[in-house]
Amino acid sequence: MALNYIWSGFFLVGFLAALAQWIFLGDNDIFKRIVDGTFETARMGVMDIALPLAGVMTLWLGIMNIGEKAGAVGALARLIAPFFSRIFPGVPKNHPATGHMVMNFSANLLGLDNAATPFGLKAMESLQTLNPSKDEPTDAQIMFLVLHTSGLTLIPLSIMAQRAILGARDPSDIFIPCMIATYVATVVGIVAVAIRQRINLFERVVMGWLGGMTAAIVALVWYLTQYMSKQDIELVSKVVSNLVLIGVIGAFIIGALIKRVNVYEAFIEGAKGGIQTSITVIPYLVGMLVAISVIRNAGVFDFVLAGLNWIFTGLGINTDFTPALPTALMKPLSGSGSKAMMIDAMKTYGVDSFVGRLACVFQGSADTTFYIVALYFGSVGIKKTRYAISAGLIADLAGVIAAISIAYVFFH
């Protein structure tokens, strides 16, 4: 329902803004710009974005299937089990939901959004079997949902793919900033839910996990900012990003060979979904890109950004980040909408510009709260969300603030 209002609202606001400019400013070309923009944006959405993305998704869905056959997901489940048992106290040990949640988080860690969704829906279904009140989420379901909406991602694959498609010098240079921003959002989400559920985060195992990861992130940021120049930071991000990517592929293949898995057949089995995924996303992507094109060509974005600039300037804050804010503002509402905003920012300001890179970090700092709530809770018939949305939005806000801060360190 939210997407319906967003999409319709974009067209209505764009039309009213164009009408006002035509009447009061005498801009007789405004409607032609809007119409021309819709045709060009529709072409771009299919030819320049969706079709090239098919190849990337085909590759990585195949690699992901190899990793699953190699037992990487099972190993990760065993590794994470002690931590999960503390933050999901209502889920019995060895319950199938744990494995499904781990598979969902694993796909998210690799940036494979479409691969993560089936695992997430299965996890929510498994958690629903433990729910005594079927129309209201359990504590475990809320914790899972908020962890998912915080968008914890190790490899922001789809974002790097879009940057590559648009001609970035190094598509992976946003890797470390995305990782830091999404980690901040995840930790804040965990803390927000834990406070409501009275989960003891100071328990030794939980503190070991959260404390260890937080210390590593803080140490990394401190070292980069104290001992490295901007150029060196970008170089480190590039090298580490590509090393992790090739390391994941190598580890999956080696693990599969050790287990005597037919690697090629496993790859083909998983890769078959790549084309279908790209075809499925075309209507959503084109629809949202065209709607965004309407309000941009109608001058609505310029008005909003001018207002934000005025506010932040009055507060004495550097305003270089404000052109990227539409991506952050759209992210909780619509994944396809925020992706379209990100692409629009890269095309408008430059794929390697500060704004273009920040929009990518915004996109990778959290997930789509309202969409995920509607999809995941709706799939099991939950109608009352309790505090799931508010906790998710708190995590989103933390991710936005972290994204702005880290982007200034890396790219400004």
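Every value quoted in this text rests on a predicted model; they were computed, and no experiment measured them.

### Focus: the overall build of the chain
Next, step 1: When helices and strands are tallied, the chain shows 18 helices and zero strands.
Next, step 2: A burial count over the chain gives 52% of its 412 residues as buried.
Next, step 3: Within the chain, contacts between residues separated by at least 24 positions form 80% of all contacts whose residues are at least 6 apart in sequence.
Next, step 4: Within the structure as shown, the chain displays about 18700 Å² of accessible surface, and the carbon and sulfur contribution to it stands at 68%.

### Some thoughts on the confidence of the model for the chain
Next, step 1: Here the chain shows a mean pLDDT of 82. Residues at 70 or above account for 87%.
Next, step 2: Mean pLDDT per element in the chain: helix α12 (residues 273-297) is the minimum at 74, and helix α16 (residues 354-365) is the maximum at 93.

### Here's the deal with the packing of aromatic side chains
Next, step 1: Summed over all chains, the structure comprises seven aromatic pairs.
Next, step 2: Ring plane angle 50° and centroid distance 6.5 Å describe the contact between F83 and F84, whose orientation is recorded as tilted. The pair F83 / F84 is uniform in exposure class, with both members buried.
Next, step 3: Summarising the aromatic geometry, the rings of F410 and F411 are spaced 6.0 Å apart at their centres and angled 55° between planes, so their arrangement reads as tilted.

### As for unusual backbone geometry
Next, step 1: Of note in this structure, R198 is not a glycine but carries a positive phi near 55°.
Next, step 2: Turning to its location among the elements, R198 is positioned in the loop between α8 (175-197) and α9 (204-227).
Next, step 3: At R260, a residue that is not glycine, the phi angle is positive and equals roughly 60°.
Next, step 4: By the element assignment, R260 lies in the loop between α10 (230-258) and α11 (263-271).
Next, step 5: According to the relative accessible area criterion, R260 is exposed, its value standing at 78%.

### Brief notes about the environment of V13
Next, step 1: Considering the arrangement of structural elements, one finds V13 in helix α1 (residues 2-25).
Next, step 2: C-alpha separation for the pair V13 and A298, spaced 285 residues apart in sequence, amounts to 8.7 Å.

### Structural notes on the nonpolar core
The nonpolar side chains of a soluble globular protein tend to be buried with one another.
Next, step 1: Among the nonpolar cores identified, the biggest contains 58 residues, and F10, I174, L358, V361 and F362 are the most heavily contacted of them.
Next, step 2: Every residue in contact with V361, bar those within four places of it in the chain, is listed here: I174, P177, C178, A181, A403, I406 and F411.
Next, step 3: Counting 36 residues, the second-largest nonpolar core is a separate cluster that includes I142, V373, I382 and A391.

### Overview of empty space enclosed by the protein
Next, step 1: Scanning all chains against the criterion turns up one cavity of 30 Å³ or more.
Next, step 2: Reported here for the largest cavity is a volume of approximately 40 Å³.
Next, step 3: As for the largest cavity, its lining consists of R296, F301, P323, A324, P326, T327, M341, D344 and A345.
Next, step 4: The set of elements that each furnish at least two residues to the lining of the largest cavity consists of α14 (325-330) and α15 (335-349).
Next, step 5: If you tally residues by element for the lining of the largest cavity, the top one is α15, at three residues.

What counts and how
- Residues numbered from 1 in each chain as written.
- Predicted model: local features only at pLDDT ≥ 70, side-chain atom pairs only at ≥ 80, totals over all residues.
- Heavy atoms only, no water.
- Helix = DSSP H or I, 4+ residues; strand = E, 2+ residues; numbered from the N terminus.
- Buried < 20%, exposed > 50% of the residue type's maximum accessible area, 1.4 Å probe, protein only.
- Contact = heavy atoms within 4.5 Å.
- Areas by Shrake-Rupley, 256 points an atom, 1.4 Å probe, with all protein chains shown as cover.
- pLDDT = per-residue confidence, 0-100.
- Phe/Tyr/Trp six-rings, centres within 6.5 Å; stacked < 30°, edge-to-face > 60°.
- Core = buried A, V, L, I, M, F, W, Y, C linked by side-chain atoms within 4.5 Å.
- 1 Å grid on protein atoms, 1.4 Å probe; cavity = no way out; pocket = protein on both sides within 12 Å on 5 of 7 lines; lining within 4 Å.
- Points joined across faces, edges and corners; volume = space filled by probe spheres on them.

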